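Okay, here's what each chain looks like letter by letter:
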Amino acid sequence: ETEAPRRISLQVHSEAGAGVDLHPSWWGMVVDGIDPEPGQPGLRLRDTLVEVNGTSLMELSDQDCEQRFLDLFGDGCNVKVEPFVQVS
């Protein structure tokens, strides 16, 4: 059974940033790595951030997806997360 999307608030530290490595895709920003500080409870490797503060990151070019994410990104921003699904 597929896991449902979830919503989390990103934590951004003034010096450490969000501590998340991401890359853009057609489906949104894909999580490549998560640093221990500030940590991102509820976020896992290979999850995809598909929405930030109610604005979709889906179906955009890589450049537009990344720019839209950066424009909306900040401490406490609300993101909709689609879990990674392994297709066999």
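The structure we're discussing is the one just above.
Computed from a predicted structure; not experimentally measured.

Visitor: For the pattern of salt bridges, give the residues involved together with the corresponding values.
Guide: If you walk through the whole model with that rule in mind, you get 4 salt bridges. The shortest N-O distance in the salt bridge between R6 and E3 comes to 3.4 Å. Residue class for R6 comes out buried when judged on its relative accessible area of 16%. The partner of R7 in a salt bridge is E51, and the shortest N-O contact between them spans 2.7 Å. Remark: E51 occurs in strand β4 (residues 48-52) and R7 occurs in strand β1 (residues 6-9); sequence separation between them is 44 residues. Assessed through its relative accessible area of 47%, R7 is described here as partly exposed. When its relative accessible area of 16% is taken as the criterion, E51 is described as buried. Beyond isolated ion pairs, a larger network of salt bridges with shared partners links E3, R6, R44 and D47.

Visitor: Got a sec to walk through the pairing of strand β3 (residues 28-34)? Specific residues and values, please.
Guide: For β3, the buried fraction is high: 5 of the 7 residues fall into the buried class. Of the strand pairs in this sheet, strand β2 (residues 20-25) and β3 are connected by 6 bridges, and their pairing is antiparallel. Bridge pairing in β3 places P24 opposite M29. Connecting β2 to the next strand, β3, in antiparallel fashion are 2 residues. Where β3 meets β4, 2 bridges bridge the pair, whose relative direction is antiparallel. Its bridge partner lying in β4, V30 is registered against T48.

About the cut-offs
- Along each chain, residue indices are assigned from 1 in the same order as the chain's sequence is written.
- Per-residue local features of the predicted model are confined to residues with pLDDT of at least 70, and side-chain atom pairs are confined, for both listing and counting, to 80 or more; whole-chain, interface and lining totals are unaffected and use all residues.
- Side-chain descriptors were evaluated using all non-hydrogen atoms of the structure, hydrogens and water having been removed beforehand.
- The working definition used for a salt bridge is a side-chain nitrogen of Lys or Arg within 4 Å of a carboxyl oxygen of Asp or Glu.
- Any residue under 20% of the maximum accessible area for its type is buried, any over 50% is exposed, and the rest in between are partly exposed; the area is computed with a 1.4 Å probe on protein chains only.
- Strands are runs of DSSP state E lasting at least two residues, helices are runs of H or I lasting at least four, and both sets are numbered from the N terminus onward.
- For two strands to count as paired, DSSP must find a minimum of two bridges between them.

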